[in-house]
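# Observations on the three-dimensional arrangement
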Amino acid sequence: PALPGLLYPRESESREVKSLDGFWDFTVPPTNDLQKGHREGWFSSSLSKVATVMQMPVPSSYNDITTSRALRDHVGPVWYEKSFFIPASWKQKRVFLRFGSVNYFAQVWLNSHLLMNHEMGHLPFEAEITSTAIFGERNWITVAVDNTLIQTSIPQGKIVDTEADNGTVRVQTYTFDFFNYAGIHRSVLLHTKPRVFVEDININIEVINDKSIIKYAIEIGGLNENETPFCQVNLLDADDQYSIDEPSTGTQGILKVASPHLWWPRSMDSNPGYMYTLEVTVIVPNATELDIYRLPIGIRSLRWTNKSLLINEKPIYFRGFGRHEDSAIRGRGLDLVTVARDHELLKWVGANAYRTSHYPYSDEVLDVADRLGFLIVNECPSVDTENFSPTLLKRHKQSLSELIRRDKNRPSVVMWSIANEPRTQLPEAGLYFKQVAHHTKTLDPTRPITIALARGVMEDKAGQYLDVISFNRYNAWYSNTGRIDMITNRVISEAQAWHYKYNKPVLMSEYGADTMPGLHELPEYVWSEEYQMETMSKHFEAFDKLRIQGFFIGEFIWNFADFRTAQTYTRVGGNKKGIFTRDRQPKMVAHHVRKRYHALNAEQ
Ligand code: GCB
């Protein structure tokens, strides 16, 4: 069964939103007594009375803000607290508290009462606080955030005890390379809804010739028994003009739009990413209030075959990147400046797509993707999946339930990636991914599913359950380092082998080379800018030969920008496979990629 709705909080005539972003009180329990806060009940009084607090910005990762190595590498709970007022004027309303994301495990208390727990980073959660809130007075929220990853968390990790100079130290290990940033990563919002409210909206869009049919289903929350709501659904275009003659009524219905302005990806239309607004109004007879919720939607069709993926009946070719939500000092914290800059660079370089490697990105990022017409391969947080267990499977499915609930109505999302580089050669992997795939399909039959596969074609046991085969491969980097001359043929034969094995469309979801900006060497040598250039060129040759074979649907460079990793001698200040630096300036290869991506755009 699908989860209850979790619509993004949007202001309207009937809804108010108040941000709790800003500085929060913050403290870390002593390393030798990590449970101190829980044992002593730090949520029952002001944090500053029981511990030494500092001011921590929200949203942000806490790791890179201070100069403390201990905080950067901390494993276990940290505590946040914020006091705020709930206006007396909100007494007639229902009030909700929403976290955009907290990594990894969050416990939230309101006025010392446990309000909710949430496990899993990168996904929103909320709770109604109407009965616990104190209206017209000061309230306070306490949050304990634990970044510990274990074998049954998504993603997985291990805690190991190590001998240090001053005794035993607990260390977090994980097999993926991106730094396990932690904290309150996205905005914390208080928002109101009337007693009877729009709880969820599901849309399903068909485009037939010059007409579009929008099927909608509205879920309504807060109804008393025997109450029949009146529901009205309207459609506005990008200029806020009504686009249908008469609104539809009923909680389920159909809107017919003649000659719609279709949602097209970048380069396939002069006005890509065209967004309409679905305006939903709910009225209950006798209720003093009505609720209005406006959902941005795009009108497009999506369909796939064993060779291609079609939007509005036109086959698409992905050219883009794997990315990260990562920036200096902020870590994985939502930073609108970085979000804006990234999309400017994506436009500049001519990309039409990216994968939200290796976890769901913020609502704010996806809003931009919708509006600018980027194609999104939307990934759940499962990376390097191994040690398959029933508990892991349950959480993995949960991550997809929460992801699909959040993003199901977005036109930019054209594929679900249900894992990155799982150990699909293992015998248990087949049944495990069969179940994850089935779960995803049940929740959303309208989008294809994929996995960024990294094991060999012959040993893979998961591809049969997917609609699109994506593969990550580091020719001339992790294998045959220095052998630029081995790239092209190997990429071609691997893509063909995947297609022959599974008879499905194939794309390359990762390839690249770490590059130290400013390091030049001729002939090209690993880590130099020339080496990255040659690596890309040889891949481009392969892609051009593959494209004419009809089943190859896209190329994704690893990575858009340099990003932070755990410490290892293979990384210099982090992973440097970006075509942009971590502060978002181009490396030499960016100009080269730009030529190709713009030439591909011109073909359409
Ligand atoms: C991979 C992973 C990605 C890494 C990349 C690398 O296969 O999917 O998360 O960052 O390789 O550069 O090692």
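The paragraphs below set out a description of the structure included in this document. (Residues numbered from 1 in each chain as written. Predicted model: local features only at pLDDT ≥ 70, side-chain atom pairs only at ≥ 80, totals over all residues. Heavy atoms only, no water.)

## Some remarks on the pattern of salt bridges
We count it as follows: Salt bridges are defined by distance alone: a side-chain nitrogen of Lys or Arg within 4 Å of a carboxyl oxygen of Asp or Glu. Secondary structure elements follow DSSP: runs of H or I of four or more residues count as helices, runs of E of two or more count as strands, with numbering from the N terminus. Think of it in three bands: residues with accessible area under 20% of the maximum for their type are buried, residues over 50% are exposed, and the middle band is partly exposed, with areas taken using a 1.4 Å probe on protein chains only.
Enumeration according to the criterion identifies 43 salt bridges in this entry. As a salt-bridge pair, E379 and R355 come within 2.6 Å of each other at their nearest N and O atoms. A residue pair is termed long-range when its members are at least 10 positions apart, and E379 in strand β27 (residues 375-379) and R355 in strand β26 (residues 353-355) qualify at 24 residues. Looking at R355, the relative accessible area reads 3%, which means it is buried. Among the ionic pairs, K538 bridges to E541, the shortest N-O distance being 3.5 Å. Of this pair, K538 and E541 both sit in helix α9 (residues 529-547), three residues apart, roughly one helical turn. Under the relative-accessibility criterion, K538 is labelled partly exposed at 23%. Residue classification places E541 among the partly exposed positions, given a relative accessible area of 35%. Among the charged side chains, a network of salt bridges with common partners joins R98, D363, D367, D370, R406, D407 and R410.

## So, helix α10 (residues 588-602)
Worth spelling out the cut-off: The span expected for a helix works out to 1.5 Å for each residue beyond the first. When we speak of the arc, we mean the arc of directions from the helix axis to the C-beta atoms. Should any heavy atoms of two residues lie within 4.5 Å, those residues are considered in contact.
With 15 residues, α10 should reach 21 Å at 1.5 Å per residue; the first-to-last C-alpha distance of 22 Å fits that figure. Those residues of α10 that fall on the buried side of the exposure criterion are V589, A590, V593, R596, Y597, L600 and N601. Taken around the axis of α10, the buried residues stretch over an arc of 140°, which confines them to a single face. Turned more than 90 degrees away from the buried face of α10 sit K595 and A602, all of them exposed. In this structure, the buried residues of α10 make contact with β25 (318-322), α4 (336-349), α9 and β32 (552-558).

## Looking at helix α8 (residues 487-502)
With 16 residues, α8 should cover 22 Å at 1.5 Å per step; its first-to-last C-alpha distance of 23 Å lies within 8% of that length. Every buried residue of α8 is listed here: I487, T488, V491, I492, E494, A495, Q496, W498, H499 and Y502. Next to the buried residues of α8 lie β29 (449-453), β30 (468-472), β31 (506-510), α9 and β32. One or two residues past the end of α8 sits N503, with phi positive at roughly 55°.

## Some thoughts on the sheet that holds strand β18 (residues 248-249)
This is how the line gets drawn: At least two DSSP bridges between two strands are required for those strands to pair.
The four strands lie next to each other as β18-β17-β20-β21, forming an open sheet whose pairing is antiparallel. Each edge of the open sheet carries a strand with a single partner, namely β18 and β21 (290-297). Here seven bridges tie strand β17 (residues 230-236) to strand β20 (residues 276-283), and the two strands are oriented antiparallel to one another. The residue bridging L236 from the neighbouring strand is T277, located in β20.

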